Amino acid sequence: MIRRRLMLVMPVLLCMLLPWPVVAAQYNYIDISNPFLRKTPIAVPSFKADAQNPSAMAAAKAASELLKFYLDFTGYFTFSDPTAFLEDPQKMDITGSGIRYRNWTAIGAELLVTGGVEIRDGNTEFELRLFDTVKEKMLVGKRYRGSPEDDRQVARRFCSEVVFAITGSRGFFDSKIAFVSNGSGHKEIFVCEFDGSNISQFTHHNSISLFPDWSSDGRWIAYTTYADKSPRIRIQHVSENRAARIDKPGLQAAPAWVPGKFELAASLSFSGDQEIYLLTGNGKVIKRLTSSMGIDVEPSWSPDGKRMVFVSNRSGTPQLFIYDTVSNRVQRLTFEGRYNTQPSWSPKGDRIAYSAMENGVIDIFTINPEGGEPVQLTENQGSNEAPTWAPDGSLIVFSSTREGKSRLYVMTAYGTDQRRLLTLPGEQSNPKWSPNILNP
Amino acid sequence: MKRKWIILAMLFVIPAMLFSVSCAKKAVMTEPSTTDTSAADEAARKAELEKKQAMERQKQLEEERLAAERAEKLKAEAMQRDMMMSKNRFLNENIHFAFDSATLDNQAQELLKQKAMWLRDFPDAKVVIEGHCDERGTNAYNLALGERRAESAKAFLVNLGISGARLTTISYGEEKPLDLGHNEEAWAKNRRDAFVLE
């Protein structure tokens, strides 16, 4: 219901640009090699609103708090302490002309967000700006109009602008996460927002359902389920009552959608041996992609859809291999350790995250797809499994037993800022981050 | 057996002979006499005794028959028990695997040979072979590994002459552990093929 209403408001939000042009960043605000090592100090004073209008004041407070929460979630920023502010947020000038930059640089803020909220004819108008306090210039200026309950959407839109201004990437603010939870006593697929909020149950099979994966347009989730006794893949529409199946006997495991196409790869065993096949979104086999006796499972695609990383035990132990669809060549990627599985190719293309088991403990690593030294992201905190990338490649969600039960956690692509994503009864596993979904 | 028949024949023949003798006597002796009376009494007593003995033998025979029946029943029960036991053994004895392996070791092969014998004795039985893994490792890989464990048991049984049409396989990966412990003992128990009747 809420989603439907937002769909109506969204185009309005998107079109309500202020007359000021967006000033593109001229230099890197973020250290490319590890933007999370040195976080950028930012000041986000409470948004200004008419003190006589309680609903405007409430909307202003809620929107600025949400904006702070989302900016914090990215891992790029540290926040200036509001008690140290030299300006009164409710009295200061929020437009470019009246900003006293030195009052912000003095407390260490390199970036400043100002906001104003007005309620007119039942509509709420948000006026939001991002300033570079060192260069003394405005980087982003936006005006959004919607109902007072749209503060969430407004905060995300603007956050996406802020992240774009300083990193050149749109972020992940229109993405969701699918995962498996067994709180009901059965493993079912659940869906939540990128920040772990708004959790809803997606399957109701009272069976075992595993390995959700989102289509590029975010409209379909493919997953493996025992709902028909054997482990079979279902390709299910996210909001409509439509589903496709794969009409082949045997195991059907771990589907992976091809970026930008209505096609997916999955491990099927109908030939008598487990091989990875390319399938249409309707579940029809297009062709076989692997051919080696033994286990071939868990495909994950490069962002251009030309290469596929997968797990194979063809060399004796489970290791990662890369299949090149253009040259038809297969190359081994991992050589360290005896148990490397769960590969996930970053949407940025530059890294592959995976999990490696050593002495019974599983930890998350990343490796360059061209090969090289793996980098360890988790350590000494239970078993850490099933990494999945944010659509901009900046964050990784994974499951961990660090607090006993398996739960979902999030960290930066460099392994910093590890924290719990959500709390639910039962245990959570198999998280899968969606692409940004503009029209869900 | 033969003796039983002879005894049985005697039982019918002797009273018949006695009866015919007394009848003959009656027909000849028209005048009653004391000696004759005592002889008749003697004969009657004898007949009575014979009859009693015959009945006793009959009773004894009946008892023997019941005992044989009981023995037969016990034997059938024992066989039934054996059948149940062999069925339970078939269903309850899992075959086990080393970590990250679907290879059948000697013990697994011995157990599978016994299972093949049972399958030959019960040609109508259809079986689901479930492949399972321990909790270590990751679940998609374990799902694939579980299928290979089930398939290697199936291939072994087919090689022993069991029709593949009677054997289906399913992998549960690490989803259905038998022992919820987190130690080698539990893991060893969980790395298994289980056999279920369809």
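Participant: Before we go on, may I ask you to explain helix α4 (residues 139-159) of chain B in this structure?
Facilitator: For an α-helix, 3.6 residues make a turn, and residues three or four places apart therefore share a direction. Residues and elements named next belong to chain B. Here α4 is 21 residues long and its end C-alpha atoms lie 30 Å apart, about the 30 Å a rise of 1.5 Å per residue gives. Within α4, 15 of the 21 residues are buried, leaving the element largely enclosed by the surrounding structure. Count one or two residues on from α4 and you reach G161, which has phi positive near 100°.

Participant: Mind showing me how you'd approach the confidence of the model for chain A here?
Facilitator: When pLDDT is low, close inspection of the predicted coordinates is not appropriate. Summarising the model, chain A shows a mean pLDDT of 91, and 92% of its residues fall at 70 or more. Within the model, pLDDT remains below 50 along residues 1-28 of chain A, and this stretch shows 45 contacts once partners closer than five positions in the same chain are excluded.

Participant: Help me understand the environment of G393 of chain A in this model?
Facilitator: If you trace the backbone, G393 of chain A turns up in the loop between β26 (384-389) and β27 (395-403). In this structure, the C-alpha to C-alpha distance between G393 of chain A and D350 of chain A, residues 43 residues apart in sequence, is 9.0 Å.

Participant: Explain helix α2 (residues 54-74) of chain A to me, please; I cannot follow it from the model alone.
Facilitator: Residues and elements named next belong to chain A. If you check α2, its first and last C-alpha atoms are 31 Å apart, about what 21 residues at 1.5 Å a residue would give, namely 30 Å. Those residues of α2 that sit buried are A56, A59, A60, A63, S64, L66, L67, Y70, L71, F73 and T74. Looking at the residues trailing α2, positive phi occurs at G75, about 85°.

Participant: I'm lost on the packing of aromatic side chains in this one. Help?
Facilitator: The description of an aromatic ring pair uses the distance of the two centres, along with the angle that the planes make with each other. Residue and element names in this part refer to chain A. Under the counting rule described, the total for this entry stands at 27 aromatic pairs over all chains. Where Y101 meets F131, the ring centres are 6.1 Å apart and the plane angle is 70°; that geometry is what we call edge-to-face. Highlighted residues: Y101 in helix α3 (residues 101-105) and F131 in strand β5 (residues 123-132), separated in sequence by 30 residues. Among the residues examined, Y101 registers a relative accessible area of 10% and is labelled buried. In this structure an aromatic cluster arises from ring pairing among F69, Y70, F73, F172, F173, F194 and W433. Stacked on the ring of F164, the Lys or Arg R170 has its end atom at 4.0 Å from the ring centre.

Participant: What am I meant to see in the pairing of strand β14 (residues 252-257) of chain A here?
Facilitator: Regular strands have side chains that alternate between both faces of the sheet. Residue and element names in this part refer to chain A. Burial within β14 is extensive, with six of its six residues counted as buried. In this structure, β14 lies alongside strand β15 (residues 263-268), joined through four bridges in antiparallel fashion. If you follow A253 over to β15, its bridge partner there is S267.

Participant: I tried to follow the side chain of E147 of chain B on my own but got confused; where do I start?
Facilitator: Mapped onto the secondary structure, E147 of chain B falls in helix α4. Among buried Asp, Glu, Lys and Arg side chains, E147 of chain B stands out as unpaired, with R148 of chain B the closest opposite charge at 5.9 Å. Sequence-distant contacts of E147 of chain B, that is, excluding residues within four places in its chain, are made with G250, L251, S269 and Q274 of chain A together with S171 of chain B.

Participant: In this structure, what is going on with the sheet that holds strand β19 (residues 307-312) of chain A? I would like to understand it.
Facilitator: Each strand in a sheet pairs with its neighbour through backbone hydrogen bonds, running either in the same direction (parallel) or in the opposite one (antiparallel). An order of β18-β19-β20-β21 (chain A) is seen for the four strands of this open sheet, with the pairing classed as antiparallel. Two strands in the sheet have a free side with no partner beyond their single neighbour: β18 (296-301) and β21 (330-332) of chain A. Averaged over all pairs of adjacent strands, the angle between strand axes in this sheet comes to 30°, irrespective of strand direction. In this sheet, β19 of chain A lies alongside β18 of chain A in antiparallel orientation, the contact comprising four bridges. In the sheet register, S300 of chain A faces β19 of chain A, and the bridge partner there is V309 of chain A. With respect to the sheet, α4 of chain B is in contact with β18 and β19 of chain A, its orientation differing from that of β18 of chain A by roughly 150°.

Participant: Sorry, what's going on with the confidence of the model for chain B here?
Facilitator: Mean pLDDT over chain B stands at 87; residues scoring 70 or higher make up 81%. Long-range and interchain partners of residues 21-28 of chain B, a stretch whose pLDDT sits below 50, account for zero contacts in this model, where long-range means more than four residues apart.

Participant: Any chance you could explain the interface of chain B and chain A here in plain terms?
Facilitator: Many analyses report the size of an interface as the accessible area lost when the parts associate. Across the contact, 19 residues belong to chain B and 33 residues belong to chain A. Carbon and sulfur atoms make up 61% of the area that chain B and chain A hide from each other, which totals about 2,000 Å². Across the pair R148 of chain B and D273 of chain A runs a salt bridge whose closest N-O atoms are separated by 3.0 Å. Mapped by element, the contributors of at least two residues to the side of chain B that touches chain A are α4 and β3 (167-173) of chain B. Broken down by element, the residue count for the side of chain B that touches chain A peaks at nine residues, all from α4 of chain B.

Participant: Looking at this model, I keep getting lost on unusual backbone geometry. Mind explaining?
Facilitator: Excluding glycine, residues mostly carry a negative phi; peptide bonds, for their part, are mostly trans. Residue and element names in this part refer to chain A. A positive phi angle, close to 55°, is found at Q342, a residue other than glycine. Note on placement: Q342 falls in strand β22 (residues 340-345). Of the residues examined, Q342 reaches a relative accessible area of 5% and is grouped as buried. The phi angle at N359 is positive, at roughly 50°, despite the residue not being glycine. The residue N359 is located in the loop between β23 (352-358) and β24 (361-367) in this model.

Parameters at a glance
- Residues numbered from 1 in each chain as written.
- Chains lettered and ligands numbered in written order.
- Predicted model: local features only at pLDDT ≥ 70, side-chain atom pairs only at ≥ 80, totals over all residues.
- Heavy atoms only, no water.
- Helix = DSSP H or I, 4+ residues; strand = E, 2+ residues; numbered from the N terminus.
- Expected span 1.5 Å × (residues − 1).
- Buried < 20%, exposed > 50% of the residue type's maximum accessible area, 1.4 Å probe, protein only.
- pLDDT = per-residue confidence, 0-100.
- Contact = heavy atoms within 4.5 Å.
- Phe/Tyr/Trp six-rings, centres within 6.5 Å; stacked < 30°, edge-to-face > 60°.
- Lys NZ or Arg CZ within 6 Å of the ring centre and 35° of its normal.
- Pairing = 2+ DSSP bridges.
- Lys, Arg positive; Asp, Glu negative; His and termini not counted.
- Salt bridge = Lys/Arg side-chain N within 4 Å of Asp/Glu carboxyl O.
- Axes fitted to C-alpha atoms, helices over the stretch in contact; angles between N-to-C directions.
- Buried area = accessible area lost by both parts, 1.4 Å probe.

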